Amino acid sequence: MTTTSDPATQPSPTAAGSGANASEAFRASSERRGSAATSTERADRLVRRTLEAIHQVIREEEVTYPEFQAVKRWLMDVGEGGEWPLFLDVFVEHEVEKVAAKTGHGSSGTIEGPYYLPGQQRLGPVATLPMRPDEKGEALVLSGQVRDLDGRPLAGAEVDFWQADADGYYSGFAPHLPDGNLRGVIVTDDEGRFAITTIKPAPYRIPTDGPTGAMIAAAGWHPWRPAHLHLMVRADGHRQITTQLYFAGGEWLDSDVASATKDELVLDPRQQSDGSWTTVYDFVLEPA
């Protein structure tokens, strides 16, 4: 594949822009995510426990008024800048996912992150993701099978797939990328199989020009995520899996800012004689 224009000349997505897009996508997909039917008693417990944890930190760390005012200002900036989806998906979601995984018996999941966009193009079981004619990057073919817990193939399962490009940008969030670039919903064949041709993505850093970036800088953390592929795998009557697949030896794999990597989600692609890469990953879905 040939090289696209230099990413340094492209307008990078801002934290505010990414936050606004993520917020819009979240609200548009409220039916998919669902709303928790939380009782008054449960809400009371969760709110009290959250406040107790905050109060405990204040007491133990002897938080000063200037520090409190700085945090108050930061919280206001996060809201005004539309960065709550970014902050929560990067720094909080992985713990919610761990709780959900305790009751799971299918393939391993991890965080969704802020860059999912519903309603992408539906593709057949052997498909090439929509991409620019001159899409930069090494070709990658991910193939596999979707099965139930008893090993039966799940025909017509959906593999909802999205990823960053070879410069670390996501369509729908980077202004220079066409809508739907490197996104698609692949529908498995009668044997539950799929084969997706795409490109190897790059690591990327979360937007750092807003209050989330200011927090990262103040704490002395790095803002990088390792290269990965995003997938939602679903079939009628089965529990959806939302996951990410990483690459063996990838940079930032052991220090992901989002704490979302898992050993069982690391791929080890093999390079072919034509320079492309191939890898296999199967998914097992449990009953809903």
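Please refer to the structure higher up on the page.
Nothing here was measured: the structure is a model prediction, and the numbers come from that model.

### Re the side chain of glutamine 145
Link 1 in the chain: By secondary structure assignment, the location of glutamine 145 is in strand S3 (residues 139–148).
Link 2 in the chain: Once residues within four sequence positions are removed from consideration, glutamine 145 is found in contact with Pro153, Glu191, Gly192, Arg193, Phe194, Tyr281, Asp282 and Phe283.

### Details of the packing of aromatic side chains
Link 1 in the chain: The tally for this structure, following the rule as stated, stands at 14 aromatic pairs.
Link 2 in the chain: An angle of 80° between the planes, with centres 4.8 Å apart, marks the rings of tyrosine 115 and phenylalanine 173 as edge-to-face. Of the two residues, tyrosine 115 is situated in the loop between helix H6 (93–101) and strand S1 (122–123) and phenylalanine 173 in the loop between strand S4 (158–163) and strand S5 (183–187); the sequence distance between them amounts to 58 residues. Side by side, tyrosine 115 and phenylalanine 173 carry an identical accessibility label, which is buried.
Link 3 in the chain: Centre to centre, the rings of tryptophan 224 and tryptophan 252 are 5.6 Å apart; their planes meet at 5°, and the pair counts as stacked. Within this pair, whereas tryptophan 224 is found in strand S8 (residues 224–225), its partner tryptophan 252 is found in the loop between strand S10 (241–247) and strand S11 (266–267), the two being separated by 28 residues in sequence.
Link 4 in the chain: Look at tryptophan 252 and you get partly exposed, because its relative accessible area is 25%.
Link 5 in the chain: The positively charged end of lysine 200 is found above the aromatic ring belonging to tryptophan 277, 4.0 Å away from the centroid.

### Points about a negative patch on the surface
Link 1 in the chain: A surface patch of negative charge is lined by Glu60, Glu61, Glu62 and Glu67.
Link 2 in the chain: Inspection of the secondary structure puts glutamate 61 in helix H3 (residues 40–61).
Link 3 in the chain: Accessibility expressed as a relative area gives 58% for glutamate 61, which makes it exposed.

### Re the pairing of S10
Link 1 in the chain: Burial analysis of S10 places 7 of its 7 residues in the buried class, which makes it a mostly covered element.
Link 2 in the chain: Because side chains alternate across S10, one face comprises the buried residues Ile241, Thr243, Leu245 and Phe247, and the other comprises Thr242, Gln244 and Tyr246, equally buried.
Link 3 in the chain: Linking strand S9 (residues 228–234) to S10, which pair antiparallel, is a turn of 6 residues; within it glycine 237 sits at a positive phi near 80°.
Link 4 in the chain: Of the pairings in the sheet, the one linking S10 to S11 comprises 2 bridges and is parallel in character. Bridge assignment links tyrosine 246 to a residue of S11, and that residue is valine 266.

### Quick notes on the packing of helix H4 (residues 65–80) against helix H7 (residues 211–219)
Link 1 in the chain: Following both chains from N to C, one finds H4 and H7 inclined at 140°, their axes separated by 9 Å at the closest point. As the angle between them shows, H4 and H7 are arranged oblique. Note on element contacts: H7 touches H4 through Pro211, Thr212 and Met215, opposite Trp74, Asp77 and Val78.
Link 2 in the chain: Each residue belonging to the contact of H4 with H7 can be placed in one class, and the counts come to 4 nonpolar, 1 polar and 1 charged.

### Points about the packing of helix H5 (residues 84–91) against H7
Link 1 in the chain: Contact geometry for H5 and H7: axes closest at 9 Å, N-to-C directions at 40°. By the criterion of interaxial angle, the relationship of H5 to H7 is oblique. Judged by residue contacts, Leu86, Phe87 and Phe91 of H5 engage Thr212, Met215 and Ile216 from H7.
Link 2 in the chain: Tallied by class, the residues present in the contact of H5 with H7 amount to 5 nonpolar, 1 polar and no charged.

### Quick word on the sheet that holds S1
Sheets are built from strands paired through backbone hydrogen bonds, the pairs being either parallel or antiparallel.
Link 1 in the chain: Strands sit in the order S1-S5-S4-S9-S10-S11 across an open sheet of 6 strands; the sheet is mixed. Each edge of the sheet is formed by a strand with only one pairing partner; in this case those strands are S1 and S11.

### With respect to the nonpolar core
The nonpolar side chains of a soluble globular protein tend to be buried, and buried together.
Link 1 in the chain: Among the nonpolar cores identified, the biggest contains 52 residues, and Val146, Ile186, Leu229, Leu231 and Leu245 are the most heavily contacted of them.
Link 2 in the chain: Elements supplying a minimum of two residues to this core: H4, H5, S3, S4, strand S6 (193–199), S9, S10 and strand S14 (283–285).
Link 3 in the chain: Not counting residues up to four positions away in its chain, the partners in contact with leucine 229 are Leu140, Leu142, Phe161, Trp162, Gln163, Pro201, Thr243, Gln244, Leu245, Phe247 and Leu267.

Thresholds, definitions, all that
Sequence order as written defines the numbering, with residues in each chain counted from 1. Given that this is a predicted model, residues contribute local features only at a pLDDT of at least 70 and side-chain atom pairs are listed and counted only at 80 or more, while totals for whole chains, interfaces and linings are drawn from all residues. Computation of side-chain values: all heavy atoms of the structure, hydrogens and water removed. The way it works is that DSSP assigns letters per residue, a run of H or I at least four long becomes a helix, a run of E at least two long becomes a strand, and they are numbered from the N terminus. Any two residues whose heavy atoms approach within 4.5 Å are treated as being in contact. Pairs were defined over the aromatic rings of Phe, Tyr and Trp, the Trp ring being its six-membered one, requiring ring centres within 6.5 Å. Orientation was assigned from the angle between planes: stacked under 30 degrees, edge-to-face over 60, tilted for the rest. Accessibility here uses a 1.4 Å probe with only protein chains present; expressed as a share of the type maximum, an area under 20% marks a residue as buried, one over 50% as exposed, and anything in between as partly exposed. Here, a charge over a ring is recorded when the distance from Lys NZ or Arg CZ to the ring centre is within 6 Å and its angle to the ring normal is within 35 degrees. To count toward a patch, a residue needs a relative accessible area above 30% and no salt bridge. Like charges then connect within 9 Å, nonpolar side chains (Val, Leu, Ile, Met, Phe, Trp, Tyr) within 5 Å. Accessible surface area values rest on a Shrake-Rupley calculation with a 1.4 Å probe, where residue burial reflects the displayed protein chains alone. Here, a salt bridge means any side-chain nitrogen of Lys or Arg that lies within 4 Å of a carboxyl oxygen of Asp or Glu. All tallies of charge rest on Lys and Arg as positive and Asp and Glu as negative; His and the ends of each chain are not included. All charge positions are set by atom: Lys at NZ, Arg at CZ, Asp at CG, Glu at CD. Following DSSP output, two strands are said to pair if at least two bridges run between them. Under this scheme, a helix contributes an axis fitted over its contacting stretch, all axes are lines through C-alpha atoms, and angles between N-to-C directions fall in the 0 to 180 degree range. Throughout this description, any angle smaller than 35 degrees is read as roughly parallel, any larger than 145 degrees as roughly antiparallel, any in the 65 to 115 degree range as roughly perpendicular, and the remainder as oblique. Throughout, the ten residues Ala, Val, Leu, Ile, Met, Phe, Trp, Tyr, Cys and Pro are labelled nonpolar, Asp, Glu, Lys and Arg are labelled charged, and all others, Gly among them, are labelled polar. As used in this record, nonpolar core signifies buried Ala, Val, Leu, Ile, Met, Phe, Trp, Tyr and Cys residues forming a set joined through side-chain atoms within 4.5 Å.

As far as function goes, none of this settles anything; it's purely spatial.
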